[in-house]
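One letter stands for each residue in the lines below.
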Amino acid sequence: MTSTRYGRHGRFAAAALGIATCLVAATAAPVCAGWGVSFETGITFGGYNDVRIPGDTGTDFSFTDDLETDTRPFVRGRITWQLDRHTVTLLAAPLRLDAAGTLDRDVSFNGVELPENALVEGRYRFDSWRVTWRYAFHKSDRLEIGAGITAKIRDAGIRLAWGGTVTEKTNVGFVPLVNVRLRWTPDGAAGFLFEADALAAPQGRAEDVLAAILFDLGPRRAFYAGYRLLEGGADNDEVYNFALIHYAVVGVEIGL
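Residues numbered from 1 in each chain as written. Predicted model: local features only at pLDDT ≥ 70, side-chain atom pairs only at ≥ 80, totals over all residues. Heavy atoms only, no water.

Here's the deal with the overall build of the protein
- Tallying secondary structure elements over the protein gives 1 helix and 15 strands in all.
- Per-residue burial for the protein yields a buried fraction of 38% across its 256 residues.
- Restricting the contact set of the protein to residue pairs at least 6 apart, pairs at least 24 apart contribute 61%.
- Entry remark: accessible area of the protein is about 13,500 Å², with carbon and sulfur atoms responsible for 62%. (Helix = DSSP H or I, 4+ residues; strand = E, 2+ residues; numbered from the N terminus. Buried < 20%, exposed > 50% of the residue type's maximum accessible area, 1.4 Å probe, protein only. Contact = heavy atoms within 4.5 Å. Areas by Shrake-Rupley, 256 points an atom, 1.4 Å probe, with all protein chains shown as cover.)

Some words on the environment of Leu119
- Considering the arrangement of structural elements, one finds Leu119 in strand 9 (residues 119-139).
- The class of Leu119 is exposed, set by a relative accessible area of 62%.
- Along the chain, Leu119 and Leu103 lie 16 residues apart, while their C-alpha atoms are 7.5 Å from each other.
- Those residues in contact with Leu119, other than ones at most four positions away along the chain, are Gly101, Thr102, Ala161 and Trp162.

Notes on the pattern of salt bridges
- Applying the stated rule across the entire model yields 21 salt bridges.
- Where Glu238 meets Lys169, a salt bridge forms, and the shortest distance between an N and an O atom there is 3.3 Å. A residue pair is termed long-range when its members are at least 10 positions apart, and Glu238 in the loop between strand 14 (221-235) and strand 15 (240-255) and Lys169 in strand 11 (residues 165-184) qualify at 69 residues.
- According to the relative accessible area criterion, Lys169 is partly exposed, its value standing at 22%.
- A cluster of three or more residues bridged by salt bridges with shared partners is formed by Glu40, Arg76, Arg130, Asp197, Asp208 and Arg228. (Salt bridge = Lys/Arg side-chain N within 4 Å of Asp/Glu carboxyl O.)

Regarding the pairing of strand 11
- Pairing of strand 10 (residues 143-162) with strand 11, which is carried by 20 bridges, proceeds in the antiparallel orientation. The residue bridging Ile158 from the neighbouring strand is Lys169, located in strand 11.
- Following strand 10, the chain reverses through 2 residues before pairing antiparallel with strand 11; Gly163 in that reversal takes a positive phi of roughly 50 degrees.
- Here strand 11 pairs with strand 12 (residues 190-201) via 7 bridges, running antiparallel. For Asn179, the partnering residue across the bridge sits in strand 12 and is Asp197. (Pairing = 2+ DSSP bridges.)

Side note on unusual backbone geometry
- Cis rather than trans, the peptide bond between Ile53 and Pro54 has omega equal to -5 degrees.
- For Pro54, the position within the fold is in the loop between strand 1 (34-52) and strand 2 (61-62).
- One non-glycine residue, Asp84, lies in positive phi territory at about 55 degrees.
- One can find Asp84 in the loop between strand 4 (72-83) and strand 5 (86-93).
- Unlike most non-glycine residues, Asn117 shows phi in positive territory, near 65 degrees.

Some remarks on the nonpolar core
- Counting residues in each nonpolar core, the largest one holds 33 residues, and the members touching the most others are Phe61, Phe63, Phe109, Leu114, Val120 and Leu160.
- Of all the secondary-structure elements, those providing two or more residues to this core are strand 6 (96-102), strand 7 (107-109), strand 9, strand 10, strand 13 (204-218), strand 14 and strand 15.
- The contacts of Leu160, once residues within four sequence positions are left out, are Phe61, Phe63, Phe109, Leu114, Val120, Glu121, Gly122, Thr165, Val166 and Thr167. (Core = buried A, V, L, I, M, F, W, Y, C linked by side-chain atoms within 4.5 Å.)

Brief notes about a nonpolar patch on the surface
- A cluster of nonpolar residues, Trp184, Phe192, Ile213, Phe215, Leu217, Phe223 and Val250, forms a patch on the protein surface that exposes about 600 Å² of accessible area.
- Take the nonpolar patch: its biggest share by element is 3 residues, from strand 13.
- Residue position: Phe215 is located in strand 13.
- Residue classification places Phe215 among the partly exposed residues on the basis of a relative accessible area of 35%. (Patch = residues over 30% accessible without salt bridge, like charges linked within 9 Å, V, L, I, M, F, W, Y side chains within 5 Å.)

This is the structure in structure tokens:
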């Protein structure tokens, strides 16, 4: 009846009022929705990182086999909004890997020729910004199972520098992913956390998978420690790159 009486503008106003009411209420008591944040850190270990740029005419080389990739720390941050069985998250996941060494052959990279035995410094950048919607098919104090979709913006770059020359291939693109999550705390204190964003297509693939031990620290507080795997890449005329990154992780989840 309200929408009939006030029309389209009335419906928009009512929706805006409802959202605003939920936002205000969430800061006092989680009646309409629950907000939360999570932070994750640790160290990364390179698995493989194979590159050929351009994808059809460049020279194959590896950041991990031909160069030495440093182990380095990382950090991720996430904001979560939950309404009943629906969850929306915003994730920022930057990644930098540095490598150095000499290439035992001439290499054509990004239209530039690297001479044999040149001392090379490389940087692999893979920044990920994601929005996820997930629906919990089962939700209780001890077990949550859900699935949804993720919209990912990939901001990537591969750079090589030697002898005063620097060249970098950058790429920004959109990647749709499938999201799944399982959170299990059988005794109410310690449990298991599994979460993944993944999808495969003929042009490439992407997987970001977390498996961790979860420790419940009280109302809407948790700590976890475990292993994360980031794998995937693309094969096209512009770029060939497939990488596997291992993470040793610790993280906290905090309900607001």
